[in-house]
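Descriptive structure summary
Given next are the chains, with one letter for each unit.
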Amino acid sequence: MPPSPDVLRDYAALHLTYEVKMLCAQGRALSDGLADYFHPNDRTSATFAIVGNSMLESWAIRLRLLSGFLWGQTSAGKGMTVFATDRLAVEYVRDPEAWRAAPPPIRSDYQGAFRRINTEIAHLSAHRSGSEAVGMPWLVADLSRSLLGAIRVFDRAADYDLLGDRWDREVRVPFLKAGYAFTTVAHPDDLPSPYDSTG
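These notes cover the structure that comes with them. The residue numbering used here restarts from 1 in each chain and proceeds along that chain's sequence as written. Per-residue local features are limited, in this predicted model, to residues with pLDDT of at least 70; the limit for side-chain atom pairs, both in listing and counting, is 80 or more; totals at the level of whole chains, interfaces and linings are taken over all residues. Remark: hydrogens and water are excluded; side-chain values derive from all non-hydrogen atoms of the structure.

1. Some remarks on the overall build of the protein
Rules: In DSSP terms, a helix is any run of H or I states spanning at least four residues, a strand is any run of E spanning at least two, and both are numbered starting from the N terminus. Note on exposure labels: buried denotes an accessible area under 20% of the residue type's maximum, exposed denotes more than 50%, and partly exposed covers the range between, all computed with a 1.4 Å probe on protein chains only. The contact criterion used throughout is that any non-hydrogen atoms of two residues lie within 4.5 Å. Here the open area of atoms and residues is found with the Shrake-Rupley method and a 1.4 Å probe, where only the protein chains shown may cover a residue.
When its secondary structure is counted, the protein shows six helices and zero strands. When the helices and strands of the protein are placed in sequence order, the string is α-α-α-α-α-α. By the burial criterion, 41% of the 199 residues in the protein qualify as buried. If you take every contact in the protein between residues at least 6 apart in sequence, the share linking residues at least 24 apart comes to 76%. Here the protein displays about 10900 Å² of accessible surface, and carbon together with sulfur accounts for 56% of that area.

Next comes the structure, spelled out in structure tokens:
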């Protein structure tokens, strides 16, 4: 049985909005190198490396999660693992069949990113990249910008009533309409709290 509009609306307000805000905040912070998050004396410490790696891994999982949301059960998402309990973009759009047939295109560099996320972060894989990949950069700004572009396409196709006021206020206005950039300095206050209950 498909979820009710109230269930979808609540899910968008509590979870989908948070995930997009975090993708944007983390993408921006990582693009800037995280230096503003630390006192100058701590920027060479092990803590800096641990926090940086943790944020990168969190961003990568979020990129994977939102990609599954956008492209799961579509012509472009073949090979993406989708569980019966997953919320998908197709549940929020005005024309589900059109979305299934023609979602936003997946950029070719996503394939390499997904492979790295799956083999280096999401799974302890035998196919994990070798020592030659150590230090290989993650194209955080490019991939974040590209995914945000696909989210803009989703937003235009969506039933706004199902996304609700919080999506409009906290995602559409600041990130989708404002031309959000991943190259400006981010500050800790930009990071949304998972405990923020405003809405």
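Past the structure itself, the notes keep going.
2. Describing the nonpolar core
As a reminder, the rule being used: Residues enter a nonpolar core if they are buried and are Ala, Val, Leu, Ile, Met, Phe, Trp, Tyr or Cys, with the set joined through side-chain atoms within 4.5 Å.
By size, the foremost hydrophobic cluster in this structure holds 44 residues, and its most contacted members are Trp-59, Leu-70, Leu-147, Phe-154 and Trp-167. Of all the elements in the fold, those that place two or more residues in this core are helix H1 (5-31), helix H2 (46-71), helix H4 (108-122), helix H5 (140-157) and helix H6 (160-177). Element by element, the count of residues in this core is highest for H2, at nine residues. Apart from the residues within four sequence positions on either side, Leu-147 is in contact with Leu-23, Leu-63, Leu-66, Ser-67, Leu-70, Trp-71 and Tyr-110.

3. Topic: H6
Stated precisely, the cut-off is as follows: To estimate the expected span of a helix, count its residues, drop one, and scale the result by 1.5 Å. To get the bend at a given residue, fit one axis to the seven residues ending there, fit another to the seven starting there, and take the angle between those axes. Two N or O atoms count as a polar contact when they lie within 3.5 Å, although within protein this holds only if one can serve as hydrogen donor and the other as acceptor, and sequence-adjacent residues are included solely when both atoms are side-chain atoms.
The end-to-end C-alpha distance of H6, which contains 18 residues, comes to just 15 Å, noticeably less than the 26 Å that a straight helix rising 1.5 Å per residue would cover. Where H6 bends most, the angle comes to about 85 degrees, and this point is Trp-167. Looking at H6, one finds that the buried residues are Leu-162, Leu-163, Gly-164, Arg-166, Trp-167, Glu-170, Val-171, Arg-172, Phe-175 and Leu-176. Buried-residue contacts for H6 involve H1 and H5. N-capping of H6 is provided by Asp-159, with a side-chain oxygen placed 3.0 Å from the backbone N of Asp-161.

4. Focus on H5
An ideal rise of 1.5 Å per residue puts 26 Å on 18 residues; H5 measures up with 26 Å between its terminal C-alpha atoms. Every buried residue of H5 is listed here: Val-140, Ala-141, Leu-143, Ser-144, Ser-146, Leu-147, Leu-148, Ala-150, Ile-151, Phe-154 and Asp-155. Structurally, H5 contributes buried residues whose contacts are with H1, H2, helix H3 (96-101), H4 and H6.

5. Focus: the packing of H1 against H5
For clarity, the threshold we go by: To obtain each axis, a line is fitted to C-alpha atoms, and for helices this fit is confined to the stretch in contact; angles are then taken between N-to-C directions over 0 to 180 degrees. Should an angle lie under 35 degrees it is considered roughly parallel, over 145 roughly antiparallel, and from 65 to 115 roughly perpendicular; all remaining angles are considered oblique. The handedness criterion is simple: a crossing whose near helix is rotated anticlockwise from the far helix by less than a right angle is left-handed, and one whose near helix is rotated clockwise is right-handed. Any residue outside Ala, Val, Leu, Ile, Met, Phe, Trp, Tyr, Cys, Pro, Asp, Glu, Lys and Arg is labelled polar, Gly included; the first ten of those are nonpolar and the last four are charged.
At their nearest, the axes of H1 and H5 sit 9 Å apart, and the two run at 155 degrees to each other. One finds that H1 runs roughly antiparallel with respect to H5. Between H1 and H5 lies a crossing of left-handed hand. Residues Leu-16, Val-20, Leu-23, Cys-24, Gly-27, Leu-30 and Ser-31 of H1 touch H5, and the partners they reach there are Val-140, Ala-141, Ser-144, Leu-147, Leu-148, Ile-151 and Phe-154. Residues that form the contact of H1 with H5 fall into these classes: 11 nonpolar, three polar and no charged.

6. Concerning the side chain of Thr-17
Relative to the assigned elements, Thr-17 resides in helix H1. Leaving out residues up to four positions away in the same chain, Thr-17 has contacts with Ala-12, Arg-166, Trp-167, Glu-170 and Val-171.

7. Digging into the packing of H2 against H4
Contact geometry of H2 with H4 gives a least axis separation of 10 Å together with a crossing angle of 125 degrees. Our classification of the angle between H2 and H4 gives oblique. Judged by the sense of rotation from one axis to the other, the crossing of H2 with H4 is left-handed. On the side of H2, the interface is formed by Glu-57, Ala-60, Ile-61, Leu-63, Arg-64, Ser-67 and Trp-71, while H4 contributes Tyr-110, Phe-114, Ile-117, Asn-118, Ile-121 and Ala-122. Of the residues that constitute the contact of H2 with H4, the class distribution is nine nonpolar, two polar and two charged.

Keep in mind that these numbers describe shape and distance, not what the molecule does.
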